[in-house]
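Chain by chain, the residues:
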Amino acid sequence: MGKSPNDLGASYSRIDLNDQNRILRLLANPGGEEARQVLADADRLRSRTVGDKVHLRGLIEFSNYCRNNCLYCGLRRGNRKVARYRMTPEEIIAAAEHGASLGYRTVVLQSGEDPAYTAETIAAVIRDIKGLGLVVTLSIGEREPWEYELWRKAGAERYLMRHETADPALYQRLHPGQSLEQRVALLKILKQLDYQVGTGFMVGLPGQDSRTLYADLELALALNAEMVGIGPFIPHPDTPLGREAGGTVELTCLMVALTRLALPYALIPATTALGSIDPFGREAALQAGANVVMPNLTPRKYRPDYQIYPNKICLGEEAADCRGCISKRIESLGRRVADDPGHNLLWLQRRVGSPVAGS
Ligand code: SF4
């Protein structure tokens, strides 16, 4: 594994991130004493680099149509049990307005890969939301490079597109018709376009082992990702992987911690998937290096139909309740909700040339 941007992680970690054999042994025992020390190291490093504030991103899941057929996903095109919906641009902007009124500084526009939304439609939505003073993160999958460029020019500043697994053969099995090579090429294009780029992966996928997880870390580091989302695999009964075992909180949190040590300034969410397999899963991630939470801003009538994995939490809550609930959870850890836009500090530094905390 190469060096961290400023190698701070190495000085905080009691284990050498380049010592692959040691990391593999660690991953084989995620509940052990050494793993607990790694979580504590990552938590201290997080406090030093990105501070104690937690950034909230309001998630708007605006379409559950998807042209892809990912084996693990409840929204895959082959799942005929899903009631499909598309929000209109006006509905998306109204949800963003509601988010702004609740104090959110960022909205994440997420959907399946749905070509029904033209590049121009998305660009117009971005411009309107920017007019509300919000940061726009896109999470809408693989599109043409010129479209990414158009949206960047329209004002979108972040793009989330997880690589899901760094094993090319497993990637191909899980994503029929797609390739890891293509995914990584698009992530690099997004970097060139000066987006803050988010990748990430699932923990506990069938066919994954500790070596795959080490490769996931290496890939996130090679991309110098500004954001890394890590969630447990949760089997969805209406998919081909419905009978497989799911990932665990322990191993997922250990991967969050190792990611923090590898990328000291990354924005790392405590994923909703973790909160869905354990009532305190998000708190556990926040104490293992995470510094972002993504409460749901999708209108309540659509939420039950957006389930990439089953038993997702907060399907019935109003957006205001979600925000209140998550704020209390954050404060219970002695942390506080950030009121700034929550950009990646290294990305900001590249733009304005100012030094970052802890470097
Ligand atoms: S994971 Fe994303 S791209 Fe794959 S089927 Fe689900 S919504 Fe579509």
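Residues numbered from 1 in each chain as written. Predicted model: local features only at pLDDT ≥ 70, side-chain atom pairs only at ≥ 80, totals over all residues.

A. Structural detail: the site of the ligand. For the ligand, the full set of nearby residues is Cys-66, Asn-68, Cys-70, Cys-73, Leu-75, Arg-76, Gly-112, Glu-113, Gly-141 and Ile-308. Across the shell around the ligand, the residue classes tally to five nonpolar, three polar and two charged. (Near = placed C-beta within 6 Å. Nonpolar A, V, L, I, M, F, W, Y, C, P; charged D, E, K, R; others polar.)

B. Focus on the sheet that holds strand 8 (residues 292–293). Taking strand neighbours across the sheet as the criterion, the three strands line up as 8-1-9 in an open arrangement whose pairing is parallel. Only two strands of the sheet have a single neighbouring strand rather than two, namely strand 8 and strand 9 (336–337). Here two bridges tie strand 1 (residues 53–56) to strand 8, and the two strands are oriented parallel to one another. If you follow His-55 over to strand 8, its bridge partner there is Val-292. (Pairing = 2+ DSSP bridges. Helix = DSSP H or I, 4+ residues; strand = E, 2+ residues; numbered from the N terminus.)

C. Spatial organisation of the nonpolar core. Counting 108 residues, the largest nonpolar core has Ile-60, Val-107, Leu-109, Val-136, Leu-254, Val-256 and Ala-257 as its most contacted members. Here this core takes 10 residues from helix 10 (residues 249–262), the largest share from any one element. (Core = buried A, V, L, I, M, F, W, Y, C linked by C-beta atoms within 7 Å. Buried ≥ 20, exposed ≤ 12 C-beta atoms within 10 Å, placed from the backbone.)

D. Expanded view of the packing of helix 4 (residues 89–101) against helix 5 (residues 119–130). Close contact between helix 4 and helix 5 brings their axes to 10 Å; oriented N to C, the two are set at 25 degrees. Taken together, the axes of helix 4 and helix 5 lie roughly parallel to each other. Between helix 4 and helix 5 lies a crossing whose hand is right-handed. Here Pro-89, Ile-92, Ile-93 and Ala-96 of helix 4 come into contact with helix 5, specifically with Thr-121, Ala-124, Val-125, Asp-128 and Ile-129. Its residues placed into classes, the contact of helix 4 with helix 5 shows seven nonpolar, one polar and one charged. (Axes fitted to C-alpha atoms, helices over the stretch in contact; angles between N-to-C directions. Parallel < 35°, antiparallel > 145°, perpendicular 65-115°, else oblique. Left-handed = near helix turned anticlockwise from the far one by under 90°. Contact = placed C-beta atoms within 7 Å.)

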